[in-house]
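Here is what each chain is made of, one letter per residue.
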Amino acid sequence: MAGIASALSDRDTVSSSLYINHWGKARPVAGDGPRWHPLAYHSLDVAAVGCALLDADPRLLARLAGVSGLDEAAVLRWTFLALALHDVGKFAPAFQAKEANLFAALFGADGWRGPDTGHDQDGRLLWNARLNERENVLEAFAGRGAGRQHHQREAISAWTESAICHHGRPRAIRSDHLLADRFKAEHLAAVDDFLAAVLGLAQNIGCAADTPPPDQRRTSWLVAGIAVLADWIGSNQDWFPYCGPEDFADLSAYWREWAAPRAVPWSRTRMKVPPV
């Protein structure tokens, strides 16, 4: 996990990032701390827990590698990316509007909200209509010059959509659910900004899979389970207290100084994994 904690990215600075003022959690248990936790920070909390779980339990890592056909370094990269994107649907203004004061500060009291169909549905729509088509996303998962791109994207989607739909069974995307009805340009710009930061971090976590097997349906069940557990742990304020957006210089500093280190002692002391 030391290698994970040391992952750096010079591509994002919190003060100028479009994504940092989007909230991910806003139910503080501490009366004297921040009233909300940035979505970007929560996303990395969950990704850090997922990576720490694999690091703490070699059998789980080997199982995921065996079922997926990926090597263990690629499993680590894919787990990080999938879990870092698990709540990407929360960038939708419909979700942000659930906290009226925070929404007003970010978009104005009369800001456009769009329809509320759930952040899992919005995340899945965002993934399929926009993010899954990005070449830099394909490269992060499968490396440069990945062949048979359609099959590669299917494999990647099995992981990401399992994480995005971590609250239950994936719901079908209806033909009348359009990205433009849920995200305007400024919302998509924040998503793109966050994605760039995540992809930058991923370069120092595991490695891409040059030839990932296209059929990842069996793997998706394991990924879904890890996502549920990691989200539960990563949402626990005893282990991941809320931080303010100004508390860290950039997202890589949050990962290195907070998310990854806090995930390691939890996984090693509380899982009590016996030697293999």
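Refer to the structure above for everything that follows.
Residues numbered from 1 in each chain as written. Predicted model: local features only at pLDDT ≥ 70, side-chain atom pairs only at ≥ 80, totals over all residues. Heavy atoms only, no water.

1. Focus on the packing of helix H2 (residues 39–56) against helix H4 (residues 72–84)
Between two packed helices, what matters for the description is the angle formed by their axes and the separation of those axes.
Thinking step 1. Between H2 and H4, the least distance of the axes is 8 Å, while the angle of their chain directions is 155°. By the angle between their axes, H2 is roughly antiparallel relative to H4. As H2 runs across H4, the sense of the crossing is right-handed. The segment H2 lies against H4, with Ser43, Leu44, Val46, Ala47, Gly50, Cys51 and Leu54 engaging Val75, Leu76, Thr79, Phe80, Leu83 and Ala84.
Thinking step 2. When its residues are assigned to classes, the contact of H2 with H4 shows 10 nonpolar, 3 polar and no charged. (Axes fitted to C-alpha atoms, helices over the stretch in contact; angles between N-to-C directions. Helix = DSSP H or I, 4+ residues; strand = E, 2+ residues; numbered from the N terminus. Parallel < 35°, antiparallel > 145°, perpendicular 65-115°, else oblique. Left-handed = near helix turned anticlockwise from the far one by under 90°. Contact = heavy atoms within 4.5 Å. Nonpolar A, V, L, I, M, F, W, Y, C, P; charged D, E, K, R; others polar.)

2. So, the side chain of His119
Thinking step 1. Inspection of the secondary structure puts His119 in helix H7 (residues 119–129).
Thinking step 2. Within the structure, the side chain of His119 is placed 3.3 Å from the side chain of Asp87, a separation counted as a polar contact.
Thinking step 3. The contacts of His119, once residues within four sequence positions are left out, are Asp87, Gly89, Lys90, Phe95, His166 and His167. (Polar contact = N/O pair within 3.5 Å; in protein donor to acceptor, adjacent residues only side chain to side chain.)

3. Let's talk about the pattern of salt bridges
Thinking step 1. Enumeration over the complete set of coordinates arrives at 11 salt bridges.
Thinking step 2. In this structure, Glu161 engages Arg124 in a salt bridge whose closest nitrogen and oxygen atoms are separated by 2.3 Å. Here Arg124 lies in helix H7 and Glu161 lies in helix H9 (residues 149–164), a separation of 37 residues in the sequence.
Thinking step 3. Glu161 gets classed as buried once you look at its relative accessible area, which sits at 13%.
Thinking step 4. Notably, a salt bridge pairs Asp192 with Arg134, separated by 2.9 Å at the nearest N-O pair. Taken together, the residues Asp192 in helix H10 (residues 185–202) and Arg134 in the loop between H7 and helix H8 (135–142) connect sequence positions 58 residues apart. (Salt bridge = Lys/Arg side-chain N within 4 Å of Asp/Glu carboxyl O. Buried < 20%, exposed > 50% of the residue type's maximum accessible area, 1.4 Å probe, protein only.)

4. Structural notes on the packing of aromatic side chains
For any two aromatic rings, the description comes down to two numbers: the centre-to-centre distance and the angle of the planes.
Thinking step 1. Inspection of the entire model under this criterion finds 12 aromatic pairs.
Thinking step 2. When the centroid spacing of 5.9 Å and the interplanar angle of 90° are considered together, the rings of Tyr41 and Phe248 count as edge-to-face. Residue Tyr41 is located in helix H2, and its partner Phe248 is located in the loop between helix H11 (217–234) and helix H12 (251–270); the two are separated by 207 residues in the primary sequence.
Thinking step 3. Note on Phe248: relative accessible area 10%, which makes it buried.
Thinking step 4. Of the aromatic side chains, those joined through ring pairs into one cluster are Tyr41, Phe248, Tyr254 and Trp258. (Phe/Tyr/Trp six-rings, centres within 6.5 Å; stacked < 30°, edge-to-face > 60°.)

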